[in-house]
Amino acid sequence: MEIIITPNPETAGRLAAGYLASLVKRNSRAVLGLATGSTPLPVYRELVRLHKEDGLDFSQATSFNLDEYVGLAADHPASYHAFMQENLFSQVNFQPGHNHLPDGQATDIPAHCEAYEDAIRQAGGIDVQILGIGTDGHIGFNEPISSLASRTRIKTLTAQTRQDNARFFSSPEDVPQHVITMGIGTIMDARSIVLLASGEGKAEAIAAMVEGPVTANVPASVLQMHPVVKVIIDEAAAGQLRRREYYRHVFEHKPEWQRWA
Ligand code: GLP
């Protein structure tokens, strides 16, 4: 893992967006794995800016999102479809049909999940997967004790996750119990991974992910087994890392990272 500690979430977002942008410039047909939640918002703001001001071109690129709530229509304001539409897709130039999310209203969920996996394979696999992290260490919506080999499927949210995400809904009871999420095995197949986190509330999960044992109790800890993972976090989220001075030293002596700034 490469740990990059930034002064604030905006800088983290710019670094992550720079990484995605360089990939899309090198390979116009790049396949992007996208995430929702508050954390990736600075990434999407910067991608929109790069599109509008520097002509970053998404016309040949494809995207797959991690997850969606079961039961929510694509136009429900709290759906991840609506989130992505508002924060990225409506503001850049992906071709219609190139943005994929699990369908929260699929009638045959297992068949839909299998088709989602097939679509990722047919697109050639994900080049870079953006991730946030839940306070319980989840990635996508893979809650603790999810199989580390899991594929796209339906999951039941923990009470903690429903409470964490209640702010996007008009009342906490409206947060669905179930979601469709890429599995941990699906995420691990991505060729590279960028995980972002900010704020003190994520410090414990980040420390467990980076410095704890690999365990299904902290799903993000499986990323220790992936060869290309960049963890971009702010000072507050880095607060419980025992070796953070070492990570800072490594980053500061890596000239290629400076190109992202
Ligand atoms: C949700 C999403 C995750 C995200 C997490 C953290 O549970 N399914 O993909 O990483 O929330 O969200 P936030 O960035 O809002 O803290």
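For the structure itself, look to the data block above.
Residues numbered from 1 in each chain as written. Predicted model: local features only at pLDDT ≥ 70, side-chain atom pairs only at ≥ 80, totals over all residues. Heavy atoms only, no water.

**Observations concerning the packing of aromatic side chains**
- Throughout the structure, instances matching the rule amount to eight aromatic pairs.
- Between the aromatic rings of phenylalanine 89 and phenylalanine 94, the centroid separation amounts to 5.7 Å while the plane-to-plane angle is 85 degrees, which identifies the pairing as edge-to-face. (Phe/Tyr/Trp six-rings, centres within 6.5 Å; stacked < 30°, edge-to-face > 60°.)

**Here's the deal with the nonpolar core**
- If you look at the biggest cluster of nonpolar residues, it comprises 78 residues, and the most contacted ones within it are Leu32, Leu88, Leu223 and Ile233.
- In this structure leucine 223 touches Met1, Leu131, Ile139, Met188, Ile193, Leu195, Met209 and Val229, once residues within four positions along its chain are discounted. (Core = buried A, V, L, I, M, F, W, Y, C linked by side-chain atoms within 4.5 Å. Buried < 20%, exposed > 50% of the residue type's maximum accessible area, 1.4 Å probe, protein only. Contact = heavy atoms within 4.5 Å.)

**Thoughts on the sheet that holds strand β1 (residues 2-6)**
- A sheet is described by the order of its strands in space; here seven strands give the open sequence β1-β10-β9-β6-β2-β3-β5, paired in parallel fashion. Among the strands making up the open sheet, the edge pair consists of β1 and β5 (99-100).
- In this sheet, strand β9 (residues 192-197) lies alongside strand β6 (residues 128-131) in parallel orientation, the contact comprising four bridges. When the bridges of β9 are listed, glutamine 129 appears paired with isoleucine 193.
- Across the sheet, helix α7 (residues 203-211) touches β1, β9 and β10 (229-234), and the angle it forms with β9 is around 150 degrees. (Pairing = 2+ DSSP bridges. Helix = DSSP H or I, 4+ residues; strand = E, 2+ residues; numbered from the N terminus. Axes fitted to C-alpha atoms, helices over the stretch in contact; angles between N-to-C directions.)

**What to know about the pattern of salt bridges**
- One pass over the full model with this rule turns up nine salt bridges.
- For the salt bridge of arginine 49 with glutamate 46, the shortest nitrogen-to-oxygen distance reads 3.0 Å. Of the two residues, arginine 49 and glutamate 46 are both situated in helix α2 (residues 41-54); the distance of three residues between them amounts to about one turn of the helix.
- The exposure class assigned to arginine 49 is partly exposed, which follows from its relative accessible area of 32%.
- On the basis of relative accessibility, which here comes to 11%, the residue glutamate 46 falls in the buried class.
- Taking the shortest distance from any N to any O, the salt bridge between glutamate 53 and arginine 49 comes out at 2.8 Å. Taken together, the residues glutamate 53 and arginine 49, both in helix α2 and four residues apart, mark about one turn of the helix. (Salt bridge = Lys/Arg side-chain N within 4 Å of Asp/Glu carboxyl O.)

**Some remarks on the pairing of strand β2 (residues 31-34)**
- Because side chains alternate across β2, one face comprises the buried residues Val31 and Gly33, and the other comprises Leu32 and Leu34, equally buried.
- Taken together, the four bridges between β2 and strand β3 (residues 62-65) define a ladder with parallel strand orientation. Note that in β3 the partner of leucine 32 across the bridge is serine 63.
- One crossover worth recording links β2 to the parallel β3 by way of α2, and it is right-handed.
- Relative to β6, β2 is paired through two bridges, and the arrangement is parallel. Bridging from a neighbouring strand, glycine 33 pairs with glutamine 129 of β6. (Right-handed = clockwise from strand over helix to strand, strands pointing away.)

**So, the site of the ligand**
- Surveying the vicinity of the ligand reveals 13 residues, the closest of which are Ser38, Thr39, Asp67, Arg167 and Lys202.
- Backbone polar atom of glycine 140 to a nitrogen atom of the ligand: 3.2 Å apart, as the coordinates give it.
- When the ligand sits alone it has 390 Å² of accessible area, and the protein chains cover 93% of it.
- Spatially, the ligand is embedded in the largest pocket.
- Partitioned by chemical class, the residues of the shell around the ligand number three nonpolar, seven polar and three charged. (Near = heavy atom within 4 Å. Polar contact = N/O pair within 3.5 Å; in protein donor to acceptor, adjacent residues only side chain to side chain. Areas by Shrake-Rupley, 256 points an atom, 1.4 Å probe, with all protein chains shown as cover. 1 Å grid on protein atoms, 1.4 Å probe; cavity = no way out; pocket = protein on both sides within 12 Å on 5 of 7 lines; lining within 4 Å. Sits in = over half its atoms within 2 Å of the grid points. Nonpolar A, V, L, I, M, F, W, Y, C, P; charged D, E, K, R; others polar.)

**As for the sheet that holds strand β8 (residues 178-181)**
- Overall, antiparallel pairing links the three strands, which are arranged β4-β8-β7 in an open sheet. The strands lining the two open edges of the sheet, one partner per strand, are β4 (67-69) and β7 (153-156). Taken pair by pair, the neighbouring strands of this sheet meet at an average axis angle of 30 degrees, ignoring direction.
- Note that β4 and β8 share three bridges and pair antiparallel. In the strand pairing of β8, glutamate 68 is matched with isoleucine 180.

**A short note on the pairing of β10**
- Among the six residues in β10, six count as buried, and that is most of the element.
- Along β10, one buried face is formed by Val229, Val231 and Ile233 and the opposite face, lined by Lys230, Ile232 and Asp234, is buried too.
- Pairing geometry for β1 and β10, over five bridges, is parallel. By the bridge assignment, isoleucine 5 is partnered in β10 with isoleucine 233.
- In the sheet, β9 pairs with β10 via five bridges, with the strands oriented parallel. Looking at β10, one finds that leucine 195 is bridged to valine 231.
- For the crossover that starts at β9, traverses α7 and ends in the parallel β10, the hand is right-handed.

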